[in-house]
Amino acid sequence: LLGFGINKWTSQAQGKICAGYYDDYIGENYEAVVEQFEEMGFTNIVTVDLDDAGLAFWNDGKVKSVSIDGNDSFEDINYFYPDDKVIIKYH
């Protein structure tokens, strides 16, 4: 537990950002997720339209995956620089 606190303090001192759990974004509206990442302070956000919703119109615009600096299974113990590349793929 102490190690997590030190990691958080050190990371924040380096200007890094925690984005929480990747799974929290799956199925959410991609525009809202982009806005959340901007509000957190991320500056290098790329969206990818998979254009695969087809007849599943209820998935249209829903997030399929999020990766930060190549990490697509981040948690609240992971910290990233604000300019790390965030890729949000959506249906």
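Here the structure is shown first, and the text comes after it.
Each chain has its residues counted from 1, running along the sequence as written. In keeping with the model being predicted, local features are shown solely for residues with a pLDDT of at least 70 and side-chain atom pairs are shown and tallied solely at 80 or more, while totals for entire chains, interfaces and linings include all residues. Side-chain measures here rest on the full set of heavy atoms in the structure, leaving out hydrogens and waters.

J.: Break down the overall build of the protein for me, citing the residues and quoting the values.
T.: Looking only at helices and strands, one finds 2 helices and 5 strands in the protein. Only DSSP runs of H or I reaching four residues or more are called helices, and only runs of E reaching two or more are called strands; each is numbered from the N terminus. Secondary structure elements of the protein, listed N to C terminal, follow the sequence α-β-α-β-β-β-β. Based on the C-alpha atoms only, the size of the protein along its principal axes is roughly 50 × 25 × 20 Å. Between buried and exposed lies partly exposed: a residue is buried under 20% and exposed over 50% of the maximum accessible area for its type, with that area taken using a 1.4 Å probe on protein chains only. Buried residues in the protein amount to 27% of all 91 residues. The contact definition used throughout considers only heavy atoms, calling two residues in contact when any of these lie within 4.5 Å. Sequence separation of at least 24 residues holds for 73% of the intrachain contacts in the protein that already meet a minimum separation of 6. Surface summary for the protein: the accessible area is close to 5,800 Å², and the carbon and sulfur share equals 49%. To be clear on the numbers: accessible area is Shrake-Rupley with a 1.4 Å probe, and residue cover counts the displayed protein chains and nothing else.

J.: How would you explain the sheet that holds strand 3 (residues 63-68) if you had to name every residue and give the values?
T.: Read across the sheet, 3 strands follow the order 2-5-3 without closing on themselves; strand pairing throughout is mixed. Both outer strands of the open sheet, strand 2 (44-49) and strand 3, are each paired with one neighbouring strand and no more. Averaged over neighbouring strand pairs, the angle between their axes works out to 15 degrees when direction is ignored. Sheet topology places strand 3 next to strand 5 (residues 85-90); 5 bridges connect them, and they run antiparallel. Note that in strand 5 the partner of Val 66 across the bridge is Ile 88. The axes used here are C-alpha line fits, helices contributing only the stretch in contact, and every angle between their N-to-C directions lies in the interval 0 to 180 degrees. Contacts between helix 2 (residues 30-40) and the sheet are confined to strand 2, strand 3 and strand 5, with strand 5 contributing the most and set at about 165 degrees to the helix. At least two bridges found by DSSP between two strands is the condition for calling them paired.

J.: Describe the nonpolar core, naming the residues involved and giving the relevant values.
T.: Remark: nonpolar core denotes a set of buried residues (Ala, Val, Leu, Ile, Met, Phe, Trp, Tyr, Cys) joined through side-chain atoms within 4.5 Å. Core analysis: the biggest nonpolar cluster contains 16 residues, and Phe 37, Phe 42, Val 66, Ile 68, Phe 74 and Ile 88 have the highest contact counts within it. Those elements giving two or more residues to this core turn out to be helix 2, strand 3 and strand 5. Ranked by residues supplied to this core, first place goes to helix 2 with 4 residues. Filtering out sequence-adjacent residues up to four positions away, Phe 74 remains in contact with Ala 19, Gly 20, Tyr 21, Tyr 22, Tyr 25, Phe 37, Val 66, Ser 67, Ile 68 and Phe 80.

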